[in-house]
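# Results of the structural survey
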Amino acid sequence: MNISETDRSRAEAPAASWAITGGEVLRAVASGPEGLTEGESESRLARDGRNELPTPPEPSVFKRLLAHYADVLIYILIVAAVLKAIRGDWVNFTVIAVVIVATGLIGFIQEGRASWALAGLRKDAVVERTGTARRDLGSGQLRDHRRR
């Protein structure tokens, strides 16, 4: 590849998001420094929907619990527990079984807490405009956060 091909490939590559100027962002979302008119805002709201993060479908509680046992380490522990049971070593079998159950339950509880926190973030994810938190803004409605 010669120098002119390298320059051409760089020119065709999209700019990094942090390198885009404010004017370029406004052009990309078809807006302006003063924001959108009420009519354009309503039009975009009807076209694009509310400014909310999409909610993924929730798997059942049973599937979420079983997912914590779908791990190679758990399979190894299960095999070890079965071998201990076959040999009649019930103390070690019990310890391994408790570790298997506890590992899955702890992971399940932590996932539940993380899900709850994420639901709270989704609820609070809003676009601010003139100091008021709103969910009914259309795409392209921006707020200038620079201090004047």
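Residues numbered from 1 in each chain as written. Predicted model: local features only at pLDDT ≥ 70, side-chain atom pairs only at ≥ 80, totals over all residues. Heavy atoms only, no water.

### Comments concerning the overall build of the chain
Secondary structure summary: the chain contains six helices and two strands in total. Moving toward the C terminus, one meets the helices and strands of the chain in the order α-α-α-α-α-α-β-β. For the chain, buried positions account for 14% of its 148 residues. Sequence separation of 24 or more characterises 58% of the internal contacts of the chain that already satisfy a separation of 6 or more. (Helix = DSSP H or I, 4+ residues; strand = E, 2+ residues; numbered from the N terminus. Buried < 20%, exposed > 50% of the residue type's maximum accessible area, 1.4 Å probe, protein only. Contact = heavy atoms within 4.5 Å.)

### Side note on the environment of Leu-65
Mapping Leu-65 onto the fold places it in helix α4 (residues 61–67). We classify Leu-65 as partly exposed; its relative accessible area is 27%. Sequence spacing of Leu-65 and Leu-105 is 40 residues, and the spatial spacing of their C-alpha atoms is 7.5 Å. Contacts of Leu-65, omitting those with residues within four sequence positions, involve Gly-104, Leu-105 and Phe-108.

### Examining the packing of aromatic side chains
Across all of its chains, the model carries one aromatic pair by this definition. Between Trp-90 and Phe-93 the ring centres are 5.6 Å apart and the planes differ by 85 degrees, which places this aromatic pair in the edge-to-face class. Of this pair, Trp-90 and Phe-93 both sit in helix α6 (residues 90–124), three residues apart, roughly one helical turn. (Phe/Tyr/Trp six-rings, centres within 6.5 Å; stacked < 30°, edge-to-face > 60°.)

### Observations concerning the side chain of Arg-44
Examined against the element boundaries, Arg-44 turns out to sit in helix α3 (residues 38–48). Taking the relative accessible area as the measure of exposure, Arg-44 reaches 4% and is therefore buried. Among the polar contacts made by the side chain of Arg-44, one reaches the side chain of Glu-40 at a distance of 2.8 Å. (Polar contact = N/O pair within 3.5 Å; in protein donor to acceptor, adjacent residues only side chain to side chain.)

### Concerning a nonpolar patch on the surface
A surface patch of nonpolar side chains, amounting to about 890 Å² of accessible area, comprises Val-72, Leu-73, Tyr-75, Ile-76, Ile-78, Val-79, Val-82, Leu-83 and Ile-86. Its place among the elements puts Ile-76 in helix α5 (residues 72–87). (Patch = residues over 30% accessible without salt bridge, like charges linked within 9 Å, V, L, I, M, F, W, Y side chains within 5 Å. Areas by Shrake-Rupley, 256 points an atom, 1.4 Å probe, with all protein chains shown as cover. Salt bridge = Lys/Arg side-chain N within 4 Å of Asp/Glu carboxyl O.)

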